[in-house]
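Structural description and commentary
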Amino acid sequence: MPFLTVDDRMTADRALRLIRRGHTLLWTGDFQNARQILAALGRRVPAPRDGSFADQRRRQAERVRILSSLFVPMTGHRVTLRRSPDLRTACREAGVPHDAGPVPLRELLGVIGAHQLRRRGVHVPALNDRIHPHYGVFAPTRSEYADLVAQQPLPAGAGTAFDIGTGTGLLAAILARRGIRRLVATDNNPRAVACARENLERLAVSAEVLETDLFPPGRADLIVCNPPWIPATPLTALDRAVYDEDGRMLRGFLGTVRERLEPGGEAWLILSDLAELLGLRSRGELVAMFQAGGLRVAGRTSVEPRHRRARDGEVTDLWQLRPGGC
Ligand SMILES: C[S@@+](CC[C@H](N)C(=O)[O-])C[C@H]1O[C@@H](n2cnc3c(N)ncnc32)[C@H](O)[C@@H]1O
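Taken together, 19 residues surround the ligand, and among them Tyr145, Gly165, Asp187, Asp213 and Asn226 come closest. Here aspartate 187 contributes a side-chain N or O atom positioned 2.6 Å from an oxygen atom of the ligand. Counted by class, the shell around the ligand contains nine nonpolar, seven polar and three charged residues.

Laid out in structure tokens, this is it:
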């Protein structure tokens, strides 16, 4: 990639003009100054907060492109700039190739943030313990949905459970603490599989964790799933835990879960209604998916997301689904 070399004399306004003209910048000055320029670029191209969903996504994609156009030089997991922190552990954990060469500073800061979060972990009240997310794995920093799973009465005599799309392994851990004896957790993201295995081992939870699309072999008394909740194309690999293109995972889960339940079993679907608020899916379409999967709604419990970016009126539901017509 042809770079335009820039240093501490560069201003954010000029950097923005150069990027908008199609240049990719390679910073050769001080690392901390590069961070400040990136923050200043971010203020000049703020995250979109208004307009239609499609318009916001278009502007967000452009924002990501602009902020990813400032590179720093890297050799063997070392950024060769003044005042650069030691990034070797963070890069190794995130799987940054050893010979990556120059990297977008924005991505590198994501790698650093993920390393810090993994080290300190997230306290999850429903577990009364800490979960340590890995880079690229959905972090339960908004964990009110975990309270739903911790409080929902278990199906009578439930001894086996599947956690589909387990991420950090959080929901599997909660089910184990509630007395489920045999647990199988799956995810199609290899980073999530490694992360869940590590968390479950640390929490002394005995569970099988498999890298697979949706279901493991066999059946279970309880099958839980907290799928990505926005049916739209992910902009980055890191978006995949939140954005589900065409609602593929949700559709796949609801279309098959009935066949994977033991007699008397239940499926728990955890789903924010943000897609409905954004006009991307109607409640009628969701109910039609339940019906198409041969499922009836046996109950629904809701909670309001507490995180600062939650929309007014947004709720997360635990849909308790059982085989049968509506
Ligand atoms: C919203 S996150 C939920 C993670 C975790 N269960 C939790 O509640 O914190 C959705 C997860 O589903 C996984 N996923 C997406 N599509 C999948 C598929 N087809 N099969 C298995 N897992 C999938 C993602 O990798 C991600 O870890």
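Attention now goes to the pairing of strand S9 (residues 160–164). Most of S9 sits inside the fold, with five of its five residues counted as buried. Burial of S9 is two-sided: the residues Thr160, Phe162 and Ile164 facing one way and the residues Ala161 and Asp163 facing the other way are all buried. The pairing of S9 with strand S10 (residues 182–187) spans five bridges and is classified as parallel. Paired with aspartate 163 across the bridge in S10 is alanine 185. Of the crossover connections in this fold, the one passing from S9 over helix H7 (residues 170–177) to the parallel S10 is right-handed.

Okay, the packing of aromatic side chains next. The tally for this structure, following the rule as stated, stands at five aromatic pairs. Between phenylalanine 215 and phenylalanine 253, the ring centres sit 5.8 Å apart and the planes meet at 15°, which makes this aromatic pair stacked. Linking phenylalanine 215 in the loop between strand S11 (208–211) and strand S12 (220–225) with phenylalanine 253 in helix H9 (residues 248–256), this pair joins segments that are 38 residues apart in sequence. Relative accessible area serves as the criterion here: at 0%, phenylalanine 253 is assigned to the buried category.

Here we take up the domain arrangement of the protein. Taken domain by domain, the protein consists of domain 1 (4–118) and domain 2 (122–323). Between domain 1 and domain 2, the C-alpha centre-to-centre distance is 32 Å. The interface of domain 1 with domain 2 comprises 14 residues on the first partner and 19 residues on the second. Carbon and sulfur atoms make up 62% of the area that domain 1 and domain 2 hide from each other, which totals about 1,300 Å².

Another point: unusual backbone geometry. Despite not being glycine, histidine 77 has its phi angle at roughly 65°, a positive value. On the accessibility criterion, histidine 77 (7% relative accessible area) is buried. With phi around 60°, leucine 214 is a residue other than glycine that occupies positive phi space.

Relative to each other, helix H6 (residues 144–151) and H7 sit at 30°, their axes nearing to 9 Å. The orientation of H6 with respect to H7, classified from their angle, is roughly parallel. Crossing hand, H6 versus H7: right-handed. Where H6 approaches H7, its residues Tyr145, Ala146, Val149 and Ala150 are matched on the opposing element by Leu170, Leu171, Ile174 and Leu175. Classifying every residue of the contact of H6 with H7 by side-chain character gives eight nonpolar, no polar and no charged.

This next bit is on the packing of helix H1 (residues 12–20) against helix H2 (residues 31–44). Axis angle and axis distance: for two packed helices, these are the angle between their axes and the distance between the axes, and together they describe the pair. At a closest axis distance of 9 Å, the pairing of H1 and H2 adopts a crossing angle of 70°. Considered as vectors, H1 and H2 are oriented roughly perpendicular to each other. The two elements H1 and H2 meet at a crossing, and its hand is right-handed. Only Ile37, Ala40, Leu41 and Arg44 of H2 make contact with H1, whose side of the interface consists of Ala12, Asp13, Ala15, Leu16 and Ile19. Here the contact of H1 with H2 is built from residues that sort into seven nonpolar, no polar and two charged.

This brings us to the pattern of salt bridges. Summed over the entire model, instances satisfying the criterion amount to 21 salt bridges. Here arginine 9 ties to aspartate 7 by a salt bridge, and the two come within 2.6 Å at their closest N and O atoms. Residue arginine 65 is joined to glutamate 62 by a salt bridge in which the shortest nitrogen-to-oxygen separation is 3.1 Å. A residue pair is termed a helical-turn pair when its members lie 3 or 4 positions apart in one helix, as arginine 65 and glutamate 62 do in helix H3 (residues 53–67) at three residues. Here arginine 65 falls in the partly exposed class, since its relative accessible area comes to 38%. When its relative accessible area of 34% is taken as the criterion, glutamate 62 is described as partly exposed. Several salt bridges share partner residues, and in doing so they unite Asp8, Asp30, Arg82 and Arg83 into one network.

Quick look at the side chain of histidine 132 now. As for its position among the elements, histidine 132 is in the loop between strand S8 (129–131) and H6. Of the polar contacts made by the side chain of histidine 132, one reaches the backbone oxygen of arginine 118; its length is 2.8 Å. Ignoring sequence-local partners within four residues, the contact set of histidine 132 consists of Arg118, Arg119, Arg120, Gly121, Cys195, Asn199 and Arg202.

What follows concerns the sheet that holds strand S14 (residues 295–303). Spatial ordering of the open sheet is given by S11-S10-S9-S12-S13-S15-S14, a layout of seven strands whose pairing is mixed. Each edge of the open sheet carries a strand with a single partner, namely S11 and S14. Along the sheet, successive strands turn relative to each other by an average axial angle of 20°, direction set aside. With eight bridges connecting them, S14 and strand S15 (residues 316–323) associate as antiparallel partners. Following the sheet pairing, glycine 299 is matched in S15 by glutamine 320.

So, how was this worked out
- Residues numbered from 1 in each chain as written.
- Predicted model: local features only at pLDDT ≥ 70, side-chain atom pairs only at ≥ 80, totals over all residues.
- Heavy atoms only, no water.
- Near = heavy atom within 4 Å.
- Polar contact = N/O pair within 3.5 Å; in protein donor to acceptor, adjacent residues only side chain to side chain.
- Nonpolar A, V, L, I, M, F, W, Y, C, P; charged D, E, K, R; others polar.
- Buried < 20%, exposed > 50% of the residue type's maximum accessible area, 1.4 Å probe, protein only.
- Helix = DSSP H or I, 4+ residues; strand = E, 2+ residues; numbered from the N terminus.
- Pairing = 2+ DSSP bridges.
- Right-handed = clockwise from strand over helix to strand, strands pointing away.
- Phe/Tyr/Trp six-rings, centres within 6.5 Å; stacked < 30°, edge-to-face > 60°.
- Domains from an automatic or database assignment.
- Contact = heavy atoms within 4.5 Å.
- Buried area = accessible area lost by both parts, 1.4 Å probe.
- Axes fitted to C-alpha atoms, helices over the stretch in contact; angles between N-to-C directions.
- Parallel < 35°, antiparallel > 145°, perpendicular 65-115°, else oblique.
- Left-handed = near helix turned anticlockwise from the far one by under 90°.
- Salt bridge = Lys/Arg side-chain N within 4 Å of Asp/Glu carboxyl O.

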